[in-house]
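# Architecture and fold: a report
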Amino acid sequence: MLRSMVVAAAIAGSCGGGGPGTPPEERDVTGNYAIRYDDQLTLKLTVGGATREVTQSGYGGVVDFGIVNGQPATIDLTQFCAKPEVKCPSESFWSKVAINQPDLNSSQWDLQKLVVIDDTTHTLPAGQKAAAIAGLVDHNQNDKYLLGLGIEGGATANCAALGISLAGGRFSRVGERSETTMEPRTLAGRVCSLDAGVPDAGTLPDGGRDTTGLLPDGGVDCQVVPITRIVVPPGAKVDGIKDGKVFVGWAGGCAFGPFLAGGILTLETGYTGTRTGNYDPPPFTPAPVVLPDGGGIDGGLELDGGM
C-alpha cells in the first residue's frame, strides 16, 4: 500500500532532509522538462522468494523467464504494455513534464514537496485536466527526488501498478562536476576512524564499550575507500535530470495468468531530462505526496526491488 504523506510530517521524519536556511533560489528545481528513456530494460519475476532476471534493449520481442511452476513464463512486452489497464514506464512518468515546488517560498527546509505534471499535451480541451503525481525532493542530497507511481490495487486479477512502483533521480546543475577522495568508512558506509573503528572510539553513555566498529574476528570494520561527491558552483541553476530510474511492478497474474497469480513482475529502465523552460503547466488535478512502500528519499533510489 502506498503512503500518502503530509509534507510537514515527512520533513520532520526524513533522514537527511536538512535544516532551514538555504535560500529558495538555491533549492529551486521548477521548470518544464523533456524526458528521454534509455529503454535498457531490466525485468524481474519473483515467485516463492526466488527471483529470475532478464535484460533487453527496447520493448520489442518476447521475454522468456523459463519454466515456472511447470509452465513456460513468457511475455510479449509490446503487447503487455499496449494493454489499456497497464502503464509501462513512459506512461507512468511522461515524456514531457512540468515540475513545481509549491511550498518553496513558504518553507525554508531542504526537503520539499515536488509536483510533476503531465505536459505531453500542453493545450487541453476545455474542462480537461492533466494528470499529476507528487513526491519529495531533497536539496541536501544533491536534489534527489522520489515519486510513488503505484496505486492501492492488491487484487491479482487487475493490472494496477503495485505500491513499490516509483520514479526517481536527481536534478543536475550548470557546471557541476564530480570529485573523488579517499576516506575511512565501515562496511555499512558509516564514517569511522582508522585507529578505533568508530568516530568516538570510546564508551557508551551507560559505561559499556562501543563495539559497533569491530568485526567478529576482533578486527576493526574501517577502511579507506573512494568517496565521490557532486560539486556544484555557487548559484548554479538547474539544467536537467540525471540518474533517472522508473521502477514499475505488477501482480504476476496480470502478466502471465492465474498460474503466477502469487508472483510479482517488475520492470526498470533509466532516463535523463533536459530543462526546456520555466514552469508552465497545463491545467492539472492536484495530487497528494505519495512515496513507494517502504521507500525513503535515501534507500528508495537504489531500485533493487526491495526498497
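Worth saying up front: this structure is predicted, and the values here are computed from it rather than measured.

Let us look at the overall build of the protein chain. The helix and strand inventory of the protein chain stands at five helices and 16 strands. Counting the 307 residues in the protein chain, one finds 45% classified as buried. Restricting the contact set of the protein chain to residue pairs at least 6 apart, pairs at least 24 apart contribute 69%. When the accessible area of the protein chain is evaluated, it comes to approximately 14900 Å², of which 53% is carbon and sulfur surface.

Another point: the nonpolar core. Counting residues in each nonpolar core, the largest one holds 47 residues, and the members touching the most others are F65, F80, F93 and F171. Looking at which element gives the most residues to this core, the answer is strand β14 (residues 238-251), with five residues. Membership of the second largest hydrophobic core comes to 16 residues, among which are V115, L136, F247 and V289.

Structurally, Q56 is set in strand β4 (residues 50-57). A relative accessible area of 17% means that Q56 is categorised as buried. Within polar-contact distance, the side chain of Q56 engages the backbone oxygen of G58 at 2.7 Å. Reaching out from Q56, the side chain makes a polar contact with the backbone oxygen of G60 at a distance of 3.2 Å. Apart from residues lying up to four places away in sequence, Q56 is in contact with D39, Q40, L41, L43, V63 and L77.

This brings us to the confidence of the model for the protein chain. Detailed reading of the predicted coordinates is not advisable wherever pLDDT falls low. Scored by pLDDT, the protein chain has a mean of 81; 78% of the residues are at 70 or more. Every residue in residues 1-17 is under pLDDT 50, and counting partners more than four places away or in other chains gives 40 contacts. Note on residues 197-205: pLDDT under 50 across the span, and 25 contacts to partners over four residues away in sequence or across chains.

The next point concerns the packing of aromatic side chains. When we look at a pair of aromatic rings, we describe it by the centre distance and by the angle of the planes. This model, assessed by the stated rule, comprises six aromatic pairs. With a centroid separation of 5.1 Å and 40 degrees between ring planes, the pair formed by F93 and Y271 is classed as tilted. With a gap of 178 residues between them, F93 in the loop between α4 (89-92) and β7 (96-100) and Y271 in strand β15 (residues 264-277) connect regions that are remote in the sequence. By relative accessible area, Y271 is classed as buried at 3%. Summarising the aromatic geometry, the rings of Y145 and F171 are spaced 4.9 Å apart at their centres and angled 40 degrees between planes, so their arrangement reads as tilted. In this pair, Y145 is assigned in strand β10 (residues 144-148) and F171 in strand β11 (residues 166-173), connecting sequence segments 26 residues apart. Given a relative accessible area of 1%, Y145 falls into the buried group. One aromatic cluster in this structure is built from Y33, Y145 and F171.

About the criteria used
- Residues numbered from 1 in each chain as written.
- Predicted model: local features only at pLDDT ≥ 70, side-chain atom pairs only at ≥ 80, totals over all residues.
- Heavy atoms only, no water.
- Helix = DSSP H or I, 4+ residues; strand = E, 2+ residues; numbered from the N terminus.
- Buried < 20%, exposed > 50% of the residue type's maximum accessible area, 1.4 Å probe, protein only.
- Contact = heavy atoms within 4.5 Å.
- Areas by Shrake-Rupley, 256 points an atom, 1.4 Å probe, with all protein chains shown as cover.
- Core = buried A, V, L, I, M, F, W, Y, C linked by side-chain atoms within 4.5 Å.
- Polar contact = N/O pair within 3.5 Å; in protein donor to acceptor, adjacent residues only side chain to side chain.
- pLDDT = per-residue confidence, 0-100.
- Phe/Tyr/Trp six-rings, centres within 6.5 Å; stacked < 30°, edge-to-face > 60°.

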